[in-house]
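Here is how the chains run, residue by residue.
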Amino acid sequence: QVQLVESGGGLVQAGDSLRLSCAASGATSSSVSMGWFRQAPGKERIFVATISWRGGSTAYADSVKGRFTISRDNAKNMVFLQMNSLKPEDTAAYYCASSRSLVPRTPQAYAYWGQGTQVTVSS
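Model, not experiment: these values are computed from the prediction.

What counts, and at which threshold
- Residues numbered from 1 in each chain as written.
- Predicted model: local features only at pLDDT ≥ 70, side-chain atom pairs only at ≥ 80, totals over all residues.
- Heavy atoms only, no water.
- Phe/Tyr/Trp six-rings, centres within 6.5 Å; stacked < 30°, edge-to-face > 60°.
- Lys NZ or Arg CZ within 6 Å of the ring centre and 35° of its normal.
- Core = buried A, V, L, I, M, F, W, Y, C linked by side-chain atoms within 4.5 Å.
- Buried < 20%, exposed > 50% of the residue type's maximum accessible area, 1.4 Å probe, protein only.
- Contact = heavy atoms within 4.5 Å.
- Disulfide = S-S within 2.5 Å.
- Helix = DSSP H or I, 4+ residues; strand = E, 2+ residues; numbered from the N terminus.
- Polar contact = N/O pair within 3.5 Å; in protein donor to acceptor, adjacent residues only side chain to side chain.

Here's the deal with the packing of aromatic side chains
Then, number 1: Inspection of the entire model under this criterion finds four aromatic pairs.
Then, number 2: Within the aromatic cluster, the residues linked to one another by ring pairs are Phe37, Phe47, Tyr110 and Trp113.
Then, number 3: The positively charged end of Arg19 is found above the aromatic ring belonging to Phe80, 4.0 Å away from the centroid.
Then, number 4: The ring of Trp113 has Arg45 lying over it, and the distance from NZ or CZ to the ring centre is 4.8 Å.

Quick word on the nonpolar core
Then, number 1: Counting residues in hydrophobic clusters, the biggest one holds 32 residues, and the most contacted among them are Trp36, Leu81, Met83 and Tyr94.
Then, number 2: With near-sequence residues (within four places) excluded, Leu81 lies in contact with Leu18, Arg19, Leu20, Trp36, Val48, Ala49, Phe68, Thr69, Ile70 and Tyr94.

Here we look at the state of the cysteines
Then, number 1: Counting across every chain of the model gives one disulfide.
Then, number 2: Between the sulfur atoms of Cys22 and its disulfide partner Cys96 the distance amounts to 2.0 Å. Sign of the S-S torsion, about 50° for the bond between Cys22 and Cys96, identifies this disulfide as right-handed. With Cys22 in strand β3 (residues 18–26) and Cys96 in strand β9 (residues 92–99), the pair connects residues that are 74 residues apart, well separated along the chain.
Then, number 3: Here Cys96 falls in the buried class, since its relative accessible area comes to 1%.

Quick word on the side chain of Ser31
Then, number 1: Along the chain, the position of Ser31 falls in the loop between β3 and β4 (33–39).
Then, number 2: Within the local environment of Ser31, its side chain forms a polar contact with the side chain of Trp53, the two groups lying 2.9 Å apart.
Then, number 3: For Ser31, the side chain forms a polar contact with the side chain of Ser98, separated by 2.9 Å.
Then, number 4: Not counting residues up to four positions away in its chain, the partners in contact with Ser31 are Trp53, Ser98 and Ser99.

If you want it as structure tokens, here you go:
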């Protein structure tokens, strides 16, 4: 199993930046990619960004492209999501997840999930 713990969420104003972190432990060698998803109240969990541990291949949702950057630190088994120019519509609980596939965009491709960290952007 892979254990994931997110951190870095908070309350910010529109236009501000936040950096989310995800620490992975356990059977991390089975993980090919790490993804970030978000879920607003009453809505489904949607894809934000993903990165492969090897090679650093990335993919982003159109809604965050150019504003968010996903990165990883292989030595520390950590993944980050730098979020710039935040908008009120970015408000959601953000989850990191681990997949055995290469940069998938669907939540069904991710086997392990963290507990989530709340991001609230005020206008």
